Amino acid sequence: MNEPAVAALRTVSHDLPVSPEFETFMAGDWAATPLPADIRLPVADVTAARRKRLSALFPGERLIVPAGELKVRSNDCDHRFRPHSAYAWLTGLTGEDQAGHVLVLEPDGPQRHEAVLYVRPRSPRDGAEFYRDRRYGEFWVGARPDLGESERMTGIRCAHRDTYDQVPPGRDASRDTDLAAALSELRLVKDAWEVAQLQLAVDHTAAGFTDVVRALPRALAHPRGERWIEGVFALRARTEGNGTGYETIAASGAHACVLHWIRNDGRLNPRELLLLDAGVETDTLYTSDITRTLPLSGRFSPVQRQVYELVLAAQEAGIAALKPGASFRDFHRAGMRVIAEGLAEWGVLRSAEGDLHRRYTLCSSGHMLGLDVHDCAQARADAYLDGVLEEGQVLTVEPGLYLQPDDETLPAALRGIGVRIEDDLVITADGARLMSGALPRTPDAIEAWMGELIEG
């Protein structure tokens, strides 16, 4: 079924019929509700420069960057909408009202483009949409800017979304791999405004981790303590920003050995560890990504500390490898060398040589960070994974050890322990700045921090 048909069904579903008299009554006597005159987005000048950079890469070609469409969650209920990251980066528009909107860069001569934004403006009061359309009607989902207001917000010429069907085909960022790669690569180096937004996301995330530690006594008493943790962090994320930047991982005990454990339905055991991987997404859609592994009793057992300290040493080695000009993969190699040597010292591996340590680490040790938690993922390998670091890039360093509960290569005391330590860093002229240093990382500092928060 096509989109108009689905929309029509939604409009009339379960609605009572209305009389002509009611339609006439609803169409009149409404006061004007314009947005304030000074509504230009603070980032509007920056986005203009971004569009110019993109334009230079595709002279004479029509470029299409959709915000994306609403997706059904259940029957007539949609998921909360978040616009595509490339669309947000090029327009500065990040709200839920952007569903269905499209940015088009129209060729305007051989070397430049004109940006046109196709939007669905505020529901007119001379029809039924504003009070009957459950998906887009103002009385159902709130008001949208009109065309003039959208232009003042963005500095982009705006046209009605209904006229987009007349736009000839072009390179579509949803389907064209070259355009998608270019958009990712343009976002690899963050400008000062972006770094500030990421720092804000980090600061809110640190506050969320503090909330979680304070809530541990109640979480430990609940049969779904992991979910209690998830909820506590989500409250901070939703009140300080747009929400979480990705599904929170609240993994206790052996659940921490599942890399993307998001069921979060387990009970917390004070004898075990909690691996919390969570990030707040700002209203401008930039996200943090931090992991801490915490002793639920407030103190690490000797074997827990042993595992934790090896992962911390690996992270310190990875962070030390960050600098402009270094290979992106250098920090991962540095951390894994520490892990392999440690496993060999423990007798788990016969030798630190080779790649057998990967049985216990499973994945890479970090990624770019920005509008997406795994940012710039469509970039070509030679620009990202096989490329070199540059000043202004923001990334995570997150080594981990995942000692599966059923792994018979391990001593019994190690089985079922999962530890990951993840921090966010920005590459500077001579190294890297730790953005998430407000959260403790060493075992002693974690124990002191937890003690102060829980006992206080």
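The structure this text deals with has already been given above.
Predicted model, so just to flag it, every value in this text is computed and none were measured.

**Comments concerning the sheet that holds strand S16 (residues 423–428)**
What holds strands together in a sheet is hydrogen bonding between their backbones, with the strands either parallel or antiparallel.
Line of reasoning, step 1. Across the sheet, which stays open at both edges, the 3 strands sit in the order S13-S16-S17 with antiparallel pairing between neighbours. The two strands at the open ends of the sheet, each matched to only one other strand, are strand S13 (394–397) and strand S17 (431–434). With direction set aside, neighbouring strand axes in the sheet form an average angle of 40°.
Line of reasoning, step 2. Both S16 and S17 contribute to a ladder of 4 bridges, which runs antiparallel.

**Comments concerning the pattern of salt bridges**
Line of reasoning, step 1. Scanning the entire structure with this criterion turns up 36 salt bridges.
Line of reasoning, step 2. Across the salt bridge formed by Arg171 and Asp176, the nearest N and O atoms sit 3.0 Å from each other.
Line of reasoning, step 3. Salt-bridge contacts for Asp375 lead to Lys190; the nearest nitrogen and oxygen are separated by 2.7 Å. Here the residue Asp375 occupies a position in the loop between helix H13 (358–361) and S13, and Lys190 occupies one in the loop between helix H8 (177–186) and helix H9 (192–220), the gap between them amounting to 185 residues.
Line of reasoning, step 4. Given a relative accessible area of 1%, Asp375 falls into the buried group.

**Remarks on the layout of surface pockets**
Line of reasoning, step 1. Approximately 740 Å³ is the volume found for the largest pocket.
Line of reasoning, step 2. Around the largest pocket, the lining comprises 26 residues; the ones closest to its centre are Arg80, Phe81, Arg82, Asn242 and Thr244.
Line of reasoning, step 3. For the lining of the largest pocket, the element with the most residues is helix H10 (residues 225–240), which contributes 3 residues.
Line of reasoning, step 4. Here the residues of the lining of the largest pocket sort into 9 nonpolar, 8 polar and 9 charged.
Line of reasoning, step 5. A volume near 630 Å³ is recorded for the second largest pocket.
Line of reasoning, step 6. Lining the second largest pocket are 27 residues; nearest its centre among them are Ser364, Gly366, His367, His374 and Glu398.
Line of reasoning, step 7. The element contributing the most residues to the lining of the second largest pocket is helix H12 (residues 330–346), with 3 residues.
Line of reasoning, step 8. Of the residues belonging to the lining of the second largest pocket, the class tally is 13 nonpolar, 6 polar and 8 charged.

**So, empty space enclosed by the protein**
Line of reasoning, step 1. According to the stated counting rule, one finds 1 cavity of 30 Å³ or more in the structure shown.
Line of reasoning, step 2. What lines the largest cavity is Leu93, Asp97, Gln98, His101, Leu117, Val119, Arg120, Arg144, Pro145, Ser150, Met153 and Thr154.
Line of reasoning, step 3. Broken down by secondary-structure element, the contributors of at least two residues to the lining of the largest cavity are strand S5 (113–119) and helix H7 (147–154).
Line of reasoning, step 4. Here the lining of the largest cavity takes 3 residues from H7, the largest share from any one element.
Line of reasoning, step 5. For the lining of the largest cavity, the per-class residue count stands at 5 nonpolar, 4 polar and 3 charged.

**Brief notes about the side chain of Arg144**
Line of reasoning, step 1. Its location among the elements puts Arg144 in the loop between helix H6 (138–141) and H7.
Line of reasoning, step 2. Taking relative accessible area as the criterion, Arg144 reaches 6% and is therefore assigned buried.
Line of reasoning, step 3. There is a polar contact of 2.5 Å between the side chain of Arg144 and the backbone oxygen of Tyr136.
Line of reasoning, step 4. With residues near it in sequence (within four places) discarded, Arg144 still touches Asp97, Arg120, Pro121, Arg122, Ser123, Glu129 and Tyr136.

**Some remarks on the packing of H9 against H10**
Line of reasoning, step 1. Two elements in contact, H9 and H10, have axes whose closest approach is 9 Å; the angle formed by their N-to-C orientations is 145°. Between H9 and H10 lies a crossing whose hand is right-handed. From H9, His204, Thr205, Ala207, Gly208, Phe209, Asp211, Val212, Ala215, Leu216, Arg218 and Ala219 reach across to H10, where they touch Gly225, Trp228, Ile229, Val232, Phe233, Arg236 and Glu240.
Line of reasoning, step 2. For the contact of H9 with H10, a count of residues per class yields 10 nonpolar, 4 polar and 4 charged.

Calculation criteria
- Residues numbered from 1 in each chain as written.
- Predicted model: local features only at pLDDT ≥ 70, side-chain atom pairs only at ≥ 80, totals over all residues.
- Heavy atoms only, no water.
- Pairing = 2+ DSSP bridges.
- Helix = DSSP H or I, 4+ residues; strand = E, 2+ residues; numbered from the N terminus.
- Axes fitted to C-alpha atoms, helices over the stretch in contact; angles between N-to-C directions.
- Salt bridge = Lys/Arg side-chain N within 4 Å of Asp/Glu carboxyl O.
- Buried < 20%, exposed > 50% of the residue type's maximum accessible area, 1.4 Å probe, protein only.
- 1 Å grid on protein atoms, 1.4 Å probe; cavity = no way out; pocket = protein on both sides within 12 Å on 5 of 7 lines; lining within 4 Å.
- Points joined across faces, edges and corners; volume = space filled by probe spheres on them.
- Nonpolar A, V, L, I, M, F, W, Y, C, P; charged D, E, K, R; others polar.
- Polar contact = N/O pair within 3.5 Å; in protein donor to acceptor, adjacent residues only side chain to side chain.
- Contact = heavy atoms within 4.5 Å.
- Left-handed = near helix turned anticlockwise from the far one by under 90°.

That's the geometry; what it means functionally is another story.
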